[in-house]
Amino acid sequence: DAGVTQSPTHLIKTRGQQVTLRCSPKSGHDTVSWYQQALGQGPQFIFQYYEEEERQRGNFPDRFSGHQFPNYSSELNVNALLLGDSALYLCASSLAWVSSSRETGELFFGEGSRLTVL
Amino acid sequence: KQEVTQIPAALSVPEGENLVLNCSFTDSAIYNLQWFRQDPGKGLTSLLLIQSSQREQTSGRLNASLDKSSGRSTLYIAASQPGDSATYLCAVPDNYGQNFVFGPGTRLSVLP
């Protein structure tokens, strides 16, 4: 059973460039969330995708955008890179949250994409 | 707005000790709480998920408890081993159940 896979694992960009990160969710999962983790801190929520639409967004600028494909895989795009965008970008997958059950599914994370902006 | 804190920030213990990691959250109306482990430079590995209707969960040498009314969870690690050295993070979903809010983590070192 393949877990969450992310690519690339490491990449280096310069300020002003654009980057695309990719994620394939765990088999059977339909929801993908993206998190940014700065060194020494907990992950910060960027946004979540379900049924190819953005369901919720954290406190991140519009330079951060995403997409979900019919096979549930997802991309995170960051435009006009800043030095402060250097971080570990984590993808997490889960089953869709069902409000009636008042339970949320377990989150499973990939190994992350380490982005360095010079 | 949900906020999560973890104490201690770092912990160093000799091998074999039992230890407790603490997690506190400000909004007690949570659906669940999840504990993760993170090795340096790696992704997060799920350890335990406690639903709001449960009070504790166990997996091997790990036991996590949840007290919603007091806004606290503890992760108990029995008979610690050097391989347990990692950062441990707790997370709770926000009111919409879709955004997980993470604590800053506890960095654990188990010395041989």
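Throughout, residues of each chain are indexed from 1 in the direction in which the sequence is written. Chain letters and ligand numbers both follow the written order, the letters beginning at A and the numbers at 1. Selection of residues for local features in this predicted model requires a pLDDT of at least 70, selection of side-chain atom pairs for listing and counting requires 80 or more, and totals for whole chains, interfaces and linings are taken over all residues. To obtain the side-chain values, all non-hydrogen atoms of the structure were included, while hydrogens and water were left out.

Turning our eyes to something else, we now look at the overall build of chain B. When its secondary structure is counted, chain B shows zero helices and eleven strands. Along chain B, helices and strands appear, N-terminal first, in the series β-β-β-β-β-β-β-β-β-β-β. In this description the radius of gyration comes from C-alpha coordinates, and the expected globular size is given by 2.2 Å times residues to the power 0.38. Taking 13 Å as the expected radius of gyration for a compact globule of 112 residues, we find that chain B reaches 13 Å, a close match to that expectation. Overall size of chain B, expressed as C-alpha extent along the three principal axes, is 45 × 30 × 20 Å. Relative accessibility under 20% of the residue-type maximum defines a buried residue, over 50% an exposed one, and the middle range a partly exposed one, all with a 1.4 Å probe and only protein chains included. Counting the 112 residues in chain B, one finds 48% classified as buried. Counting from the N terminus, the helices are the DSSP runs of H or I reaching at least four residues and the strands are the DSSP runs of E reaching at least two.

Once that is clear, we can look at the state of the cysteines. Residues and elements named next belong to chain B. By definition, disulfides here are pairs of cysteine sulfur atoms that lie within 2.5 Å. Counting across every chain of the model gives two disulfides over all chains. For Cys23, the disulfide goes to Cys90, at an S-S distance of 2.0 Å. Judged by the sign of its S-S torsion, about 80°, the bond between Cys23 and Cys90 is right-handed. Of this pair, Cys23 sits in strand S3 (residues 19-25) while Cys90 sits in strand S9 (residues 86-93), and the two are 67 residues apart along the sequence. As far as burial versus exposure is concerned, Cys23 and Cys90 are alike and both buried.

All right, on to the side chain of Gln34(B) then. Along the chain, the position of Gln34(B) falls in strand S4 (residues 32-38). Residues adjacent in sequence count toward polar contacts only when both atoms are side-chain atoms; beyond that, a polar contact is any pair of N or O atoms within 3.5 Å, and within protein one must be able to donate a hydrogen and the other to accept it. For Gln34(B), the side chain forms a polar contact with the main-chain oxygen of Leu107(A), separated by 3.0 Å. One polar contact links Gln34(B) to Ser46(B), side chain to side chain, over a distance of 2.9 Å. Whether two residues are in contact is decided by their heavy atoms, any of which lying within 4.5 Å being enough. Gln34(B) has contacts with Glu106(A), Leu107(A), Ser46(B), Leu48(B), Leu49(B), Leu89(B), Cys90(B), Ala91(B) and Phe100(B), leaving out every residue within four places of it along the chain.

By themselves, these are just geometric observations and shouldn't be taken as functional.
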